[in-house]
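The primary structure of each chain is shown beneath.
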Amino acid sequence: LSLADDVRAGDVRALARAVTIVEDGRPEAPALLGALFPHAGRALVVGVTGPPGAGKSTLVDRLAAHLRAAGRTLGIVAVDPTSPFTGGAILGDRIRMQAHATDPGVFIRSMATRGHLGGLAASTGHVLTVLAAAGKDMILVETVGVGQDEVEIAGTADVSLVVLVPGLGDEVQALKAGILEIADVFVVNKADRDGADRLVTQVEAMLSLAGPDSARPAIVRTVATADEGTADLLAAVEAFRVRAERSGLLARKRRDHLRRQFEGTLQDRLRRRVEETVLGREERERIVDRLAAREVDPFAAVDDVLGKMGW
Ligand SMILES: Nc1nc2c(ncn2[C@@H]2O[C@H](COP(=O)(O)OP(=O)(O)O)[C@@H](O)[C@H]2O)c(=O)[nH]1
Ligand SMILES: [Mg+2]
């Protein structure tokens, strides 16, 4: 497949086209992903998660600038309906991201948050495969820390940054427990504001309940708008990577991610196959009618459907 070759050769337009094909789930997507998958193991995927307005996009922008200055190539994927990349931006943010937009070493894509065959998380995973196969050194994935899809996507990163800010009230409690659990590095952004110390203390207290010192996530203070602490944040990411590589944690995370991808694809295919062959919308409603009338139970109904599939 020549598109895959062009992607691997670093052709920017081919990359944009390939990302669109897999994001939209076009018919040629599986073959394209099949050709790229063997070459997609190298990039470090860094998830950046946190509430709307925490400064995730600003941080991503600053991290990108540092990484580019160090000669690293990047992908940036925003899965955030409130993100500047998706047009909800204040003007300043949009102009800043445009600096990267003209840099062929940075590929930026915001994911539409609706209309994905097999779900948003699966689609995002495919986009990451394409970017990694294109030879990007690092891929930054911005997600809002709400919603099941976002938690799932955040969980697929090699390194997960959870961004908190002072002054939002009990932000630590307000974030989904699932998001706190995936944090490899906590970022206390807007450290120029009152309450940053208190927030750091809160996070420390929460972490001290959770586990032994050695496995504890780092906490990094940043002022993204002033580019303060962002170099420290990159150092913390790198330190985590080195530790996770040595301990086998990184390999385990990647294995879990691939297992979920496989299981998700299997589930999706099986469901679609059943729907296409024996369980159209009308048939499904007929079954629900019979369930409602207590004429059949869910187990027997499923047995019946599987029987029709010859399973
Ligand atoms: N005071 C202050 N404002 C910040 C900081 N980081 C980001 N902001 C501002 O917070 C707002 C939201 O930032 P944005 O990056 O869009 O947040 P996101 O929704 O998490 O992506 C913007 O107006 C930023 O300029 C910071 O460290 N300090
Ligand atoms: Mg944003």
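Look up: the structure comes first, before these words.
Structural notes, computed from the coordinates. Predicted model only: the values in this text are computed from it and were never measured.

1. Details of the overall build of the protein chain
Secondary structure summary: the protein chain contains 14 helices and 7 strands in total. Long-range pairs, those at least 24 residues apart, make up 76% of the contacts in the protein chain between residues at least 6 apart in sequence. In the form shown here, the protein chain has an accessible surface area of approximately 16,000 Å², with 53% of it arising from carbon and sulfur atoms.

2. Focus: the sheet that holds strand S4 (residues 138-144)
Strand order in this open sheet of 7 strands is S3-S2-S4-S1-S5-S6-S7, and the pairing throughout is parallel. Strands at the two margins of the open sheet, each flanked by one partner only, are strand S3 (106-110) and strand S7 (218-221). Put simply, the sheet's adjacent strands are angled 20° from each other on average, direction ignored. By the bridge criterion, 4 bridges tie strand S6 (residues 185-188) to S7 in an arrangement that is parallel. Across the sheet, residue Phe 186 finds its bridge partner in S7, namely Ile 219. Packing against the sheet, helix H11 (residues 230-247) makes contact with strand S1 (44-50), strand S5 (159-164), S6 and S7, and its axis sits at approximately 145° to S5.

3. With respect to the site of ligand 1
Taken together, 18 residues lie near ligand 1, and Gly 53, Lys 56, Ser 57, Thr 58 and Asp 192 sit nearest. In the model, an oxygen atom of ligand 1 is placed 2.8 Å from a nitrogen or oxygen of the Gly 53 main chain. Here Ala 224 contributes a backbone N or O atom positioned 2.9 Å from an oxygen atom of ligand 1. A total of 590 Å² of accessible area belongs to ligand 1 in isolation, and the protein chains cover 81% of it. Per element, the largest residue contribution to the shell around ligand 1 is 3 residues, and it comes from helix H4 (residues 56-69). Taken together, the residues that form the shell around ligand 1 break down as 7 nonpolar, 6 polar and 5 charged.

4. So, the coordination of the magnesium ion (ligand 2)
Coordination of the magnesium ion (ligand 2) by the protein is provided by Ser 57 (OG) and Glu 142 (OE), with metal-donor distances spanning 2.1 Å. Residue Ser 57 is located in helix H4, and its partner Glu 142 is located in strand S4; the two are separated by 85 residues in the primary sequence. For Glu 142, a relative accessible area of 2% translates into the label buried.

5. As for the side chain of Asp 184
With respect to the helices and strands, Asp 184 occurs in the loop between helix H9 (177-182) and S6. Classification of Asp 184 as buried rests on a relative accessible area of 11%. At 2.8 Å, the side chain of Asp 184 and the backbone nitrogen of Ser 160 are in polar contact.

6. Thoughts on a nonpolar patch on the surface
Taken together, Phe 262, Leu 266, Leu 270 and Trp 311 make up a surface patch of nonpolar side chains, about 440 Å² in accessible area. The topology assignment puts Trp 311 in the segment after helix H14 (298-308).

7. Examining the environment of Leu 306
By the element assignment, Leu 306 lies in helix H14. Sequence spacing of Leu 306 and Val 278 is 28 residues, and the spatial spacing of their C-alpha atoms is 8.9 Å.

8. A short note on helix H2 (residues 12-24)
Along an α-helix, residues three or four positions apart point the same way, because every turn accommodates 3.6 residues. When the terminal C-alpha atoms of H2 are compared, their 18 Å separation across 13 residues agrees well with the 18 Å that a helix rising 1.5 Å per residue should span. All of the buried residues in H2 are Ala 14, Leu 15, Ala 18, Val 19, Ile 21, Val 22 and Glu 23. Measuring from the backbone nitrogen of Arg 13 back to the side-chain oxygen at the start of H2 gives 2.9 Å, which picks out Asp 11 as the cap. Downstream of H2 by a residue or two, Gly 25 has a phi angle that is positive, lying close to 65°.

So, how was this worked out
Residues numbered from 1 in each chain as written. Chains lettered and ligands numbered in written order. Predicted model: local features only at pLDDT ≥ 70, side-chain atom pairs only at ≥ 80, totals over all residues. Heavy atoms only, no water. Helix = DSSP H or I, 4+ residues; strand = E, 2+ residues; numbered from the N terminus. Contact = heavy atoms within 4.5 Å. Areas by Shrake-Rupley, 256 points an atom, 1.4 Å probe, with all protein chains shown as cover. Pairing = 2+ DSSP bridges. Axes fitted to C-alpha atoms, helices over the stretch in contact; angles between N-to-C directions. Near = heavy atom within 4 Å. Polar contact = N/O pair within 3.5 Å; in protein donor to acceptor, adjacent residues only side chain to side chain. Nonpolar A, V, L, I, M, F, W, Y, C, P; charged D, E, K, R; others polar. Donors = N, O, S within 2.8 Å, 3.2 Å for Na, K, Ca; no water. Buried < 20%, exposed > 50% of the residue type's maximum accessible area, 1.4 Å probe, protein only. Patch = residues over 30% accessible without salt bridge, like charges linked within 9 Å, V, L, I, M, F, W, Y side chains within 5 Å. Salt bridge = Lys/Arg side-chain N within 4 Å of Asp/Glu carboxyl O. Expected span 1.5 Å × (residues − 1).

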